[in-house]
Amino acid sequence: MRVIPVAGRDSMLLNLCGAHAPFFTRNLVLLTDNAGHVGIGEVPGGEGILKALERAISLVVGTELGRWQRTLNAVRAACGGRCGAPQHQVTNAAEESVLRQPHEINLRLENVIAAVEAALLDLFGQYLGVPVCELLGNGRQRDSVPMLAYLFYVGDAARTDLPYDAGTGDDWYGLRDREALTPQAIACLADAAVDRYGFRDFKLKGGVMAPEQEVEAAAAIKRHHPNGNVTVDPNGAWSLAQAVAACKGQGHVLAYAEDPCGPEQGYSGREIIAEFRRATGIRTATNMVATDWRQMAHSYLLGAVDIPLADPHFWTMQGSVRLAQLCHDWGLTWGSHSNNHFDVSLAMFTHCAAAAPGDITAIDTHWIWQEGRARLTTEPPRIVRGKVAVSDRPGLGVEPDMAEIAAAHALYKKVAAGARDDAMAMRYLVPGWTYDPKMPSLARG
Ligand SMILES: O=C([O-])C(=O)C[C@H](O)[C@@H](O)C(=O)[O-]
Ligand SMILES: [Mg+2]
């Protein structure tokens, strides 16, 4: 078992926590079995997860593949005491900005389990000659998985001395590295993403401008793509009153609202989102207030969330599919959150969604911000007509490209310290900027 931290390049994407720095990090697990097959898993970056995975090596090496659940239980038991209680998932950087102890926070047991689980499932699928989705839940439920165009406001990287790529040309590869702050610019990004990847579903990362401006940007996307589903996600930045004022009557624009508001005045985020849902009649999604089974139970009892975004990186692959089955049986809609990731995670998302029964919502992926400038597998899954085809190849269906992984590891060694410090990058645009979970990051006037 090898644990390899890697880094990739990013655009200057704006969010509630500031601006993405030019680099992000991830942790890879590679498992080699005694037949010489290699299984791979990818999870968020960070020292905490890296160290926990390194400690798990002795629990994994030498175990039998057929007893993969037992191996995961051993890692769970060993790691459980050290990993923190679940925290809501905004970004690694959000929590880092607030707490400034990145190595001590955001270590969730599920992140560690998910990395080992993905690599074991990859190996087990290869051994049995079946794709991973056949080993999850009730097996494969679909042949392709809808993905959404995850759009962001983009900062002007030329105002920094940070090594962002410079965008040239008016297609997706050019536009994704150029400033986009207006509804018109966001709609152009949507057009370029559709031209390259054929999306029918769109999400705008909010928490940057005033609530009405962000709904106006969503409306601009909808005008350009009237048959598309559009959502906005301010990561809980809006007060209930602001969220209701911005979204009420906008059901023709918003297919659903993701974390439109959060905890306030002594009420939990689940309670407040339930009030938003009743007040507006707009469906809600979350990756902040229903991120584990206990939160999920409260959320369901309150009628807060229609679409839990069960990211396998913090629900585990089996947990994510288990939640998909529950959503199907209970009349909810399953989706997945994402964070900056490489193509191994794209394959992990795809297999979970492939095993999710019934109607699912198009899943989040940040891959469009990385696609074309980084890959860790020889042939990354492709987004075509807004979908990724479920591979018939055994395991995850991706082959690690060891030369690319070595290069991404070398980049990690160079840049890890400053990667995904969103506050640092934002200070180039707004000197002295600090994170406030209830203030848009840019439009604070
Ligand atoms: O849906 C979400 O909340 C996310 O995708 C969280 C991410 O960290 C996003 O905010 C980002 O990449 O800036
Ligand atoms: Mg979200």
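Residues numbered from 1 in each chain as written. Chains lettered and ligands numbered in written order. Predicted model: local features only at pLDDT ≥ 70, side-chain atom pairs only at ≥ 80, totals over all residues.

As recorded in an unreviewed UniProt entry, the protein goes by the name Glucarate dehydratase, listed as coming from Telluria antibiotica. Quoted verbatim from the Sequence similarities (unreviewed entry) field of UniProt, the annotation for the protein is "Belongs to the mandelate racemase/muconate lactonizing enzyme family. GlucD subfamily." (UniProt positions renumbered as here; feature names shortened; annotations may be inferred.)

A.B. asks: Any chance you could explain the sheet that holds strand β12 (residues 307–308) here in plain terms?
C.D. replies: Within a sheet, adjacent strands bond to each other through the backbone by hydrogen bonds, running parallel or antiparallel. Taken together, six strands build an open sheet; the order of strands is β7-β8-β9-β10-β11-β12 and the sheet is parallel. Each end of this open sheet is capped by a strand with a single partner; those strands are β7 (149–152) and β12. In terms of strand pairing, β7 meets strand β8 (residues 201–205) through four bridges, oriented parallel. When the bridges of β8 are listed, tyrosine 150 appears paired with lysine 203. Helix α6 (residues 183–197) rests against β7 and β8 of the sheet, and its axis sits at about 150 degrees to β7. (Pairing = 2+ DSSP bridges. Helix = DSSP H or I, 4+ residues; strand = E, 2+ residues; numbered from the N terminus. Contact = placed C-beta atoms within 7 Å. Axes fitted to C-alpha atoms, helices over the stretch in contact; angles between N-to-C directions.)

A.B. asks: What should I look at first to understand the confidence of the model for the protein in this one?
C.D. replies: Where the model shows low pLDDT, its predicted coordinates should not be examined in detail. The predicted model of the protein averages 93 in pLDDT, with 94% of residues at 70 or higher. In this model residues 91–105 is a low-confidence stretch, pLDDT under 50, and it forms 34 contacts with partners more than four residues away in sequence or in other chains. Predicted complex metrics record ipTM = 0.99 and pTM = 0.95. (pLDDT = per-residue confidence, 0-100.)

A.B. asks: Hey, could you run me through the UniProt feature "domain: Mandelate racemase/muconate lactonizing enzyme C-terminal" (unreviewed entry) in the protein in this one?
C.D. replies: The UniProt entry lists residues 183–283 under the feature "domain: Mandelate racemase/muconate lactonizing enzyme C-terminal" (unreviewed entry), expressed in the numbering used here. Helix makes up 49% of residues 183–283 and strand 13%. Its end C-alpha atoms lie 23 Å apart.

A.B. asks: Help me understand the domain arrangement of the protein, please; the structure alone is not making it clear to me.
C.D. replies: Where the parts come together, the accessible area they lose is often given as the size of the interface. Taken domain by domain, the protein comprises domain 1 (2–135 + 402–429) and domain 2 (144–389). A straight line from the C-alpha centre of domain 1 to that of domain 2 covers 21 Å. Counting residues at the interface gives 43 residues for domain 1 and 49 residues for domain 2. Residue assignment for the side of domain 1 that touches domain 2 shows that the elements contributing at least two residues are β1 (2–9), β2 (14–15), β4 (23–32), β5 (38–44), α4 (109–128), α14 (402–415) and α15 (422–429). Counting residues per element, the side of domain 1 that touches domain 2 draws most heavily on α4, which supplies seven residues. By residue class, the composition of the side of domain 1 that touches domain 2 is 27 nonpolar, eight polar and eight charged. (Domains from an automatic or database assignment. Nonpolar A, V, L, I, M, F, W, Y, C, P; charged D, E, K, R; others polar.)

A.B. asks: Please clarify how the sheet that holds β5 should be interpreted in this entry.
C.D. replies: Taken in spatial order, the three strands of this open sheet run β1-β4-β5, and their pairing is antiparallel. The open sheet terminates on both sides in strands that have one partner only, identified here as β1 and β5. Neighbouring strand axes in the sheet, compared pairwise and without regard to direction, differ in orientation by 30 degrees on average. Across seven bridges, the pairing between β4 and β5 is antiparallel. Each bridged residue has a counterpart across the sheet, and for leucine 28 the counterpart in β5 is glutamate 42.

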